[in-house]
Amino acid sequence: MTDRFITLLRHGEVQGGARFRGGHDDSLSETGWRQMRAVAAREDQPSADPPQRWDRIISSPARRCEEFARRLAEERGLPLTRSWAFGERCFGAWEGLAAHQIPPAELTRFWDDPVGYTPPGAEPFADFRDRVMAGWAGLLEDATLHTLVVTHGGAIRVIAAAVLGLGDPSGILIEVPPACTTRLRLPRPPGRPSLMAHGERLG
């Protein structure tokens, strides 16, 4: 059995700018599309290490992820699976709001304790983490050589923190800019998943 690889790709810049978007279903901006195409172009480089030839694509059902994932899958003839496990955390009453539109006291509570404080009507962080980790467990059990997962910053932080053995508060501090790629190696047993690269921003 050879090593397997997983590339986590955060969606690019989204129409409407930075917001607590959650399930608020905006599409990529023109810049976001350029960023994502740059990722796909780099994937074609034959000298890439680790090998960048994806065998399948899994995508969050959000438009900012799935629209690009579907187009890439069609262009490359790759199977595409939509998975809510890799969807963004729901932010309840904050959905679609920019930071300056949220009551300062509530926003301060969130920044001070992003794991423990749940915005009004939002998905508790523990539930979000469990959902993402269920999707990650499925990836670990799958035999596909190289999977691309088009997802969100929150999901990438949860998975990267788990691989690195970090607690939830530390994982929140991992920066995941638009079109950021995170490469993970899944070695043969008894090897453990490892983080190969993180933080590349393209376009």
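These numbers come from a predicted model, not from an experiment. (Residues numbered from 1 in each chain as written. Predicted model: local features only at pLDDT ≥ 70, side-chain atom pairs only at ≥ 80, totals over all residues. Heavy atoms only, no water.)

Student: Residue-level account of the nonpolar core, with values.
Tutor: Residues W136 and I159 are the most contacted members of the largest nonpolar core, which totals 22 residues. Elements with a contribution of two residues or more to this core: β1 (4-10), α4 (125-141), α5 (153-164) and β5 (181-186). In terms of residue count, α5 provides more of this core than any other element does, six residues in total. Discounting residues that sit within four places of it in the chain, I159 has contacts with L8, F86, V132, W136 and L184. Counting residues in each nonpolar core, the second largest holds 18 residues, with C65, A69, A73 and L78 among its members. (Core = buried A, V, L, I, M, F, W, Y, C linked by side-chain atoms within 4.5 Å. Buried < 20%, exposed > 50% of the residue type's maximum accessible area, 1.4 Å probe, protein only. Helix = DSSP H or I, 4+ residues; strand = E, 2+ residues; numbered from the N terminus. Contact = heavy atoms within 4.5 Å.)

Student: Talk me through the environment of E88; I want residue IDs and the actual numbers.
Tutor: Mapped onto the elements of the fold, E88 is located in the loop between β3 (80-82) and α3 (104-112). Sequence separation of E88 and T151 is 63 residues, and the distance between their C-alpha atoms is 7.5 Å. If we ignore the near neighbours within four places in the chain, the residues touching E88 are G22, R64, E123, F128, R131, H152, G153, G154 and A155.

Student: Give me the lowdown on the pairing of β5, citing residues and values where you can.
Tutor: The element β5 is largely enclosed, with a buried count of five among its six residues. Of the strand pairs in this sheet, β1 and β5 are connected by six bridges, and their pairing is antiparallel. By the bridge assignment for β5, T7 is matched with R183. (Pairing = 2+ DSSP bridges.)

Student: Run through the pairing of strand β4 (residues 146-151), naming residues and quoting values.
Tutor: Within β4, six of the six residues are buried, which leaves the element mostly enclosed by the surrounding structure. Side-chain alternation along β4 places H146, L148 and V150 on one buried face and T147, V149 and T151 on a second face that is also buried. Where β1 and β4 come together, six bridges link them in parallel fashion. Residue pairing in the sheet places I6 in a bridge with T147 of β4. Relative to β4, strand β2 (residues 56-59) is paired through four bridges, and the arrangement is parallel. For R56, the partnering residue across the bridge sits in β4 and is T147.

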